[in-house]
Amino acid sequence: MKTSMDDVFINSLPTLDLHGEIRDSARVLIKEFIMDNYLLNNKKAIIIHGLGTGALKDETNKVLSADKHVDSFHVNPYNPGCTLVYIKVRSNIK
């Protein structure tokens, strides 16, 4: 698990809040969010899925695991209702 003191200060990271979403809409939003951040060359992002039943957390993990633009991800140790995402750096930036 990657973690650093920078992870404590997540307020400045791009954030996607999935509260109130269902699995299908969450899947689309996560894919678009990751692609946008990849194109913007953001290295870290946050996805807020909440605790609830765990359905959105499970869907988030499934989508992130399959996304080729995601380097790694883990539940924030300071807030288990959100996931920190480490995004791959684009190699062909001009």
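Our subject is the structure that appears above.
Residues numbered from 1 in each chain as written. Predicted model: local features only at pLDDT ≥ 70, side-chain atom pairs only at ≥ 80, totals over all residues. Heavy atoms only, no water.

Student: Teacher, can you tell me more about the packing of helix α1 (residues 23–39) against helix α2 (residues 55–66) here?
Tutor: When two helices pack together, their arrangement is captured by the angle between the axes and the distance separating the axes. Where α1 meets α2, the closest approach of the two axes is 10 Å, and the angle between their N-to-C directions is 40°. Put simply, α1 runs oblique to α2. For the element pair α1 and α2, the recorded crossing hand is right-handed. The residues of α2 that touch α1, namely those facing R23, A26, R27, I30, K31 and I34, are A55, L56, D58, E59, T60, V63 and L64. Its residues assigned to classes, the contact of α1 with α2 comprises 7 nonpolar, 1 polar and 5 charged. (Axes fitted to C-alpha atoms, helices over the stretch in contact; angles between N-to-C directions. Helix = DSSP H or I, 4+ residues; strand = E, 2+ residues; numbered from the N terminus. Parallel < 35°, antiparallel > 145°, perpendicular 65-115°, else oblique. Left-handed = near helix turned anticlockwise from the far one by under 90°. Contact = heavy atoms within 4.5 Å. Nonpolar A, V, L, I, M, F, W, Y, C, P; charged D, E, K, R; others polar.)

Student: For this particular structure, what's the right way to read unusual backbone geometry?
Tutor: Backbone geometry follows two general trends: most residues other than glycine have a negative phi, and most peptide bonds adopt the trans configuration. Positive phi values are uncommon outside glycine, yet N41 reaches one of about 65°. Given a relative accessible area of 25%, N41 falls into the partly exposed group. (Buried < 20%, exposed > 50% of the residue type's maximum accessible area, 1.4 Å probe, protein only.)

Student: Explain the pairing of strand β4 (residues 82–87) here, please?
Tutor: Sheet faces and side chains relate simply in a regular strand, where the side chains alternate between the two faces. Burial of β4 is extensive: 6 of the 6 residues sit out of reach of the surface. Neither face of β4 is left uncovered, since the one carrying C82, L84 and Y86 and the one carrying T83, V85 and I87 both have all their residues buried. Relative to β4, strand β2 (residues 44–48) is paired through 5 bridges, and the arrangement is antiparallel. In the sheet register, I48 faces β4, and the bridge partner there is C82. Inspection of the sheet shows strand β3 (residues 70–75) paired to β4 by 5 bridges, in the antiparallel sense. Each residue of the ladder has a partner; that of H74, found in β4, is L84. Connecting the antiparallel pair β3 and β4 is a turn made up of 6 residues. (Pairing = 2+ DSSP bridges.)

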